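Survey of secondary and tertiary structure
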Amino acid sequence: MKKVLIFLTNHATLGDTDEANGTFSPELTHALDVLLKADVHYDLASIKGGKAPLYGTDIADDEVNSRILANDELQHRLNNTLEAAKLNIDDYDAIFYPGGFGLLSDIASNETIAKLSARHYENGGLLAAVCHGPAGLLPITLSNGDKLLAHTVVTGFTREEEVDYGTIDKIPFLLEESLARAAKQYRKGQPWAELVIEDNRVITGQNPASAHAVAAALVKRLK
């Protein structure tokens, strides 16, 4: 039985604004759809545990998002996420960071989650992230003192996409710039087009359109 640990943000607003935010629902639900169809199990965790805020739960014409959100078990897990500090990381075969702006304000600088992910990766585990999710890779430091990203080619939400979405002046930091500075190489495609980068055991997707493909790549590696 393969099992994926999914880290969700506890931060419920867009940066320091009062705009409701958190994890962007379709990046979680479309990935879960792929995982569940492949009989891959999952846990949801956050820094504090407890309720994980979501936004994008009412998007019209997104059948996958609506169907997965209607699952009572998922709703229970979203309201009762596991506390990161109490996890046994050895129980998992992969870690997935869905996006949403919320994690820019907590997971992107959290040492507890970063240390868990570093241990998981150095023990041969897989790391996957989509959209703003790669911000969770920024604080990961390996046992030799190197940053994980210093040796990794990645993608993530672009400056152009931030401008299109109207969030460029509200976010705590620009992910593209941070990844470009920290990573071995940052790559991007056309705004809103699917792009997935696989480098060693790190899988990243550029934007919401890439969530399904990131999960599919992860499942392929887990087989």
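Look a little higher up for the structure.
Before going further, it helps to examine the sheet that holds strand 5 (residues 82-83). Sheet architecture is open: seven strands sit in the order 5-3-1-6-7-11-10, paired in mixed fashion. Each edge of the sheet is formed by a strand with only one pairing partner; in this case those strands are strand 5 and strand 10 (196-199). As paired elements, strand 1 (residues 3-7) and strand 3 (residues 41-46) share five bridges and run parallel to each other. Following the sheet pairing, phenylalanine 7 is matched in strand 3 by alanine 45.

Let us look at the packing of helix 1 (residues 25-37) against helix 7 (residues 211-222). Between helix 1 and helix 7, the shortest axis-to-axis distance is 8 Å and the interhelical angle comes to 35°. Helix-helix and strand crossings are classified by hand; for helix 1 and helix 7 the assignment is right-handed. On helix 7, the residues that touch Pro26, Glu27, His30, Ala31, Val34 and Leu35 of helix 1 are Ala211, His212, Ala215, Ala216 and Val219. Class assignment of the residues belonging to the contact of helix 1 with helix 7 gives a composition of eight nonpolar, two polar and one charged.

Counting 71 residues, the largest nonpolar core has Val4, Ile6, Phe7 and Tyr97 as its most contacted members. Ranked by residue count, the leading element in this core is helix 7, at seven residues. Among residues more than four places away in sequence, those in contact with tyrosine 97 are Phe7, Ile107, Ile113, Ser117, Ala128, Ala129, Val130, Gly133, Gly136, Leu137 and Ile140.

The rules behind these values
Residues numbered from 1 in each chain as written. Predicted model: local features only at pLDDT ≥ 70, side-chain atom pairs only at ≥ 80, totals over all residues. Heavy atoms only, no water. Pairing = 2+ DSSP bridges. Helix = DSSP H or I, 4+ residues; strand = E, 2+ residues; numbered from the N terminus. Axes fitted to C-alpha atoms, helices over the stretch in contact; angles between N-to-C directions. Left-handed = near helix turned anticlockwise from the far one by under 90°. Contact = heavy atoms within 4.5 Å. Nonpolar A, V, L, I, M, F, W, Y, C, P; charged D, E, K, R; others polar. Core = buried A, V, L, I, M, F, W, Y, C linked by side-chain atoms within 4.5 Å. Buried < 20%, exposed > 50% of the residue type's maximum accessible area, 1.4 Å probe, protein only.

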